[in-house]
Amino acid sequence: MALVPCQVLRVAILLSYCSILCNYKAIEMPSHQTYGGSWKFLTFIDLVIQAVFFGICVLTDLSSLLTRGSGNQEQERQLRKLISLRDWMLAVLAFPVGVFVVAVFWIIYAYDREMIYPKLLDNFIPGWLNHGMAEEAVSSSWVDSVWISGFPQCLTSMPEYLVSHTLPSGQFTRQLTCLGYCNE
């Protein structure tokens, strides 16, 4: 039961998110002691969303490796539900929120750094952690969407449903997905 690169890459991305979250939570900042703690920061919320998404990706990959060839209809049905959840999270939460957070952060940072990331925070948050919190969301979602999903099937020897994302259907999901992209 050999792992292919997409599963290894997703595990690495999940571990990097866990590392960033642990390092961020270890920082003693006065704003973490006030109302809302870290949850009032959109970058932290985005990190949690991305970590949950890649956790679901890893769980889906492991489930598919364990149930491959078993012929159990119930396991296949549960796997399809997990794949649907993974694809829904990518389409509705992980990618749109990640792009929004990164775009807004860097646009405001370029306009007026003190407005979004005051120089005082340099004393608390190292530069690598700031870049990890502000950039990894888009890069990892892009890697998962383009590199993993676009990975040629002839090179992976994995079934198509493992490495491709399907946008979920339904009126509510389309509305949530299009919320920030178009005016329908």
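Anything mentioned here points back to the structure above.
Overview of the structure. (Residues numbered from 1 in each chain as written. Predicted model: local features only at pLDDT ≥ 70, side-chain atom pairs only at ≥ 80, totals over all residues. Heavy atoms only, no water.)

### Observations concerning the pattern of salt bridges
Turning to step 1, where the next piece is worked out: Across all of its chains, the model carries 4 salt bridges by this definition.
Turning to step 2, where the next piece is worked out: The residue D61 makes a salt bridge to R10 at a minimum N-O spacing of 3.0 Å. Note that D61 is positioned in helix 2 (residues 42-67) and R10 in helix 1 (residues 5-25), a separation of 51 residues in sequence.
Turning to step 3, where the next piece is worked out: Assessed through its relative accessible area of 3%, D61 is described here as buried.
Turning to step 4, where the next piece is worked out: Taking the shortest distance from any N to any O, the salt bridge between E74 and R77 comes out at 2.7 Å. Of the two residues, E74 and R77 are both situated in helix 3 (residues 73-111); the distance of 3 residues between them amounts to about one turn of the helix. (Salt bridge = Lys/Arg side-chain N within 4 Å of Asp/Glu carboxyl O. Helix = DSSP H or I, 4+ residues; strand = E, 2+ residues; numbered from the N terminus. Buried < 20%, exposed > 50% of the residue type's maximum accessible area, 1.4 Å probe, protein only.)

### Here we look at the nonpolar core
Turning to step 1, where the next piece is worked out: Ranked by size, the top nonpolar core spans 30 residues in total, and within it Y17, Y24, F53, F54, I125, L129 and M133 carry the most contacts.
Turning to step 2, where the next piece is worked out: Put simply, the parts of the chain that give this core at least two residues each are helix 1, helix 2, helix 3 and helix 5 (127-148).
Turning to step 3, where the next piece is worked out: At 9 residues, helix 2 tops the list of elements feeding residues into this core. (Core = buried A, V, L, I, M, F, W, Y, C linked by side-chain atoms within 4.5 Å.)

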